[in-house]
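Structural features, examined
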Amino acid sequence: MKFLSHRLLRNVSIGSLALVAGLAQAHTGHGTTGVFEGLVHPFGLDHLLAMVAVGMWSVSALPASRVWWGPATFLLALVVGAALGDMGLTMPWLEQLISLSVVLFGVMLVASRQKMPLALGLGLIALASSMHGLAHGAETPDTGFAGYAAGFLLTTATLHLGGAAAGLGVRRYLARTANWVITATGTLLGGAGLYLFSQL
């Protein structure tokens, strides 16, 4: 049974990474569909890092039975934010705030060993995700919102899965140094978010 769980985790991780690699090489252009544009849109570095971080944080900070709450909160807030963005709602310094959300998720990873109130953690995820959603919605193609939303939700869920698989892998195979690895990953994410912020 233990062998099967290790094998399943490995296969899910490999499959997620393969899908991510394939989509990351895709380029939108003339004649693309809303679904395709939605699939590739989350591969902007700020979006990608945030979504993977949510998966890792959920594994690190939430009880095993509630790991899915982090990604589900992100996806729900993402849809709401994207719908508002599609209707024309925006906010000043949105790109800067999205970069700072990566810093936030890095800090949350570093602090994941400390008990954070569940409502606070999920609230921060929802707040950051709504900003990502506004950016997605503002770039809705002429082909329509529904297909585009389905595309970016699929990619987002896959990135969350990749982050969760990475977090589980660290906990399972690097048990002695798991806390150090998670802290180092959070620190790197925070640094990447600050770098992206400085480039805007």
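Keep in mind it's a predicted model, so treat the numbers as computed, not measured.

**Considering the overall build of the protein chain**
- Assigned secondary structure in the protein chain consists of 8 helices and 0 strands.
- In sequence order, the protein chain lays out its α and β elements as α-α-α-α-α-α-α-α.
- Considering the protein chain as a whole, with its 200 residues, one finds that 42% of them fall into the buried category.
- Relative to all contacts within the protein chain whose residues are 6 or more apart in sequence, the contacts with residues 24 or more apart total 81%.

**Some thoughts on the environment of Ala-164**
- Within the secondary structure layout, Ala-164 lies in helix α7 (residues 145-173).
- The exposure class of Ala-164 is buried, given its relative accessible area of 14%.
- Measuring from C-alpha to C-alpha, the distance between Ala-164 and Ser-58 comes to 7.1 Å, with 106 residues separating the pair along the chain.
- When neighbours within four sequence positions are excluded, Ala-164 is seen to be in contact with Gly-55, Met-56 and Val-59.

**Side note on the layout of surface pockets**
- If you add up the space inside the largest pocket, you get close to 220 Å³.
- If you trace the largest pocket, you find 14 residues lining it, with Ala-61, Leu-62, Pro-63, Lys-115 and Met-116 closest to the centre.
- When contributions to the lining of the largest pocket are tallied by element, the ones reaching two or more residues are α3 (45-61) and α6 (118-138).
- Broken down by element, the residue count for the lining of the largest pocket peaks at 3 residues, all from α3.
- Here the residues of the lining of the largest pocket are counted per class, giving 7 nonpolar, 4 polar and 3 charged.

Cut-offs used in this document
- Residues numbered from 1 in each chain as written.
- Predicted model: local features only at pLDDT ≥ 70, side-chain atom pairs only at ≥ 80, totals over all residues.
- Heavy atoms only, no water.
- Helix = DSSP H or I, 4+ residues; strand = E, 2+ residues; numbered from the N terminus.
- Buried < 20%, exposed > 50% of the residue type's maximum accessible area, 1.4 Å probe, protein only.
- Contact = heavy atoms within 4.5 Å.
- 1 Å grid on protein atoms, 1.4 Å probe; cavity = no way out; pocket = protein on both sides within 12 Å on 5 of 7 lines; lining within 4 Å.
- Points joined across faces, edges and corners; volume = space filled by probe spheres on them.
- Nonpolar A, V, L, I, M, F, W, Y, C, P; charged D, E, K, R; others polar.

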